[in-house]
Amino acid sequence: MQNLTQEELNERVAILKRYRKLLEEQKSKFEEYLKVLESHQKQIDVENAESITAHSRLETQIVGSISNLQKVIEPMKLLYQTSNAAKYSPEESICVERITSELSSLHTRVLAQNEINKKLLQSHMVQVKNQMSQIHNPYRTARSVYAERAAVGSVIYTEA
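This one's a predicted model, so the numbers in the text were calculated from it and none came from an experiment.

Draft legend 1. Here's a closer look at the overall build of the chain. The helix and strand inventory of the chain stands at three helices and zero strands. Counting from the amino terminus, the chain carries its helices and strands in the arrangement α-α-α. For a compact globule of 160 residues, the expected C-alpha radius of gyration is about 15 Å, and the chain comes in at 32 Å, more than 25% above that figure. Dimensions of the chain, computed from the C-alpha atoms along their principal axes, are close to 125 × 40 × 20 Å. Classification of the 160 residues of the chain by burial places 26% in the buried group.

Take a look at the structure:
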């Protein structure tokens, strides 16, 4: 183990703490996303179109937030790994490992719930398409009165 100055040691511990904080933030975002997905499933089941749309917008926002957070986490993860910060604060590194494993589990659950919702929406779309194809328009074959050509006279009769 190399001799580190107190400043370098503090820097590595700060990296570890920041990485842990980012992982906790991402974990909370995934938990929020999972709750929204579960709520979305209920709205799909009751076929509430406005609520389904609102949930979809909310999901898009959360996914964007998770994506932005991931852009920050990736370089921090690399910094964490290259600095060997776990050696200098073992209790923090245990916390990071636990959060990482919980994140992995949450990620799996989110993907499973997303797949369930996708299948429900697809079956709902098939039902709506079938309902639309069964609608009978009574005016479909009728011709418009405005489209018919009226008989127009071509000869003018005058008496002198």
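Draft legend 2. Spotlight on the nonpolar core. Counting residues in each nonpolar core, the largest one holds 23 residues, and the members touching the most others are Tyr19, Leu23 and Tyr80. Elements supplying a minimum of two residues to this core: α1 (6-45), α2 (49-83) and α3 (90-134).

Draft legend 3. Structural detail: the side chain of glutamine 43. Mapped onto the elements, glutamine 43 comes out in helix α1. When near neighbours in sequence (up to four residues on either side) are disregarded, glutamine 43 contacts Asn48, Ser51, Ile52 and His55.

Draft legend 4. Quick look at the pattern of salt bridges. In the structure shown here, the tally under the stated rule is four salt bridges. Its salt-bridge partner being glutamate 24, residue arginine 20 comes within 3.4 Å of it at the nearest N-O pair. Linking arginine 20 with glutamate 24, this pair stays in helix α1, spanning four residues, or about one helical turn. Across the pair glutamate 102 and arginine 98 runs a salt bridge whose closest N-O atoms are separated by 3.2 Å. Placement of the pair is glutamate 102 and arginine 98 together in helix α3, with a separation of four residues, close to one helical turn. When salt bridges that share partners are traced, they join Lys27, Glu31, Arg98 and Glu102 into one network.

Draft legend 5. Spotlight on the confidence of the model for the chain. Per-residue pLDDT for the chain averages 82, and the proportion of residues at 70 or more is 92%. Element-level pLDDT for the chain is lowest in α2, with a mean of 83, against a maximum mean of 86 in α1.

Draft legend 6. Highlighting a nonpolar patch on the surface. A contiguous nonpolar surface patch, about 300 Å² in accessible area, is contributed by Val128, Met132 and Ile135. Within the fold, methionine 132 resides in helix α3.

Draft legend 7. Spatial organisation of the packing of α1 against α2. The geometry of α1 relative to α2 is characterised by a closest axis approach of 9 Å and an angle of 160 degrees between their N-to-C directions. Of the possible angle classes, the one that applies to α1 and α2 is roughly antiparallel. Classified by chirality, the crossing of α2 by α1 is left-handed.

Conventions adopted
- Residues numbered from 1 in each chain as written.
- Predicted model: local features only at pLDDT ≥ 70, side-chain atom pairs only at ≥ 80, totals over all residues.
- Heavy atoms only, no water.
- Helix = DSSP H or I, 4+ residues; strand = E, 2+ residues; numbered from the N terminus.
- Rg over C-alpha atoms; globule rule 2.2 N^0.38 Å.
- Buried < 20%, exposed > 50% of the residue type's maximum accessible area, 1.4 Å probe, protein only.
- Core = buried A, V, L, I, M, F, W, Y, C linked by side-chain atoms within 4.5 Å.
- Contact = heavy atoms within 4.5 Å.
- Salt bridge = Lys/Arg side-chain N within 4 Å of Asp/Glu carboxyl O.
- pLDDT = per-residue confidence, 0-100.
- Patch = residues over 30% accessible without salt bridge, like charges linked within 9 Å, V, L, I, M, F, W, Y side chains within 5 Å.
- Areas by Shrake-Rupley, 256 points an atom, 1.4 Å probe, with all protein chains shown as cover.
- Axes fitted to C-alpha atoms, helices over the stretch in contact; angles between N-to-C directions.
- Parallel < 35°, antiparallel > 145°, perpendicular 65-115°, else oblique.
- Left-handed = near helix turned anticlockwise from the far one by under 90°.

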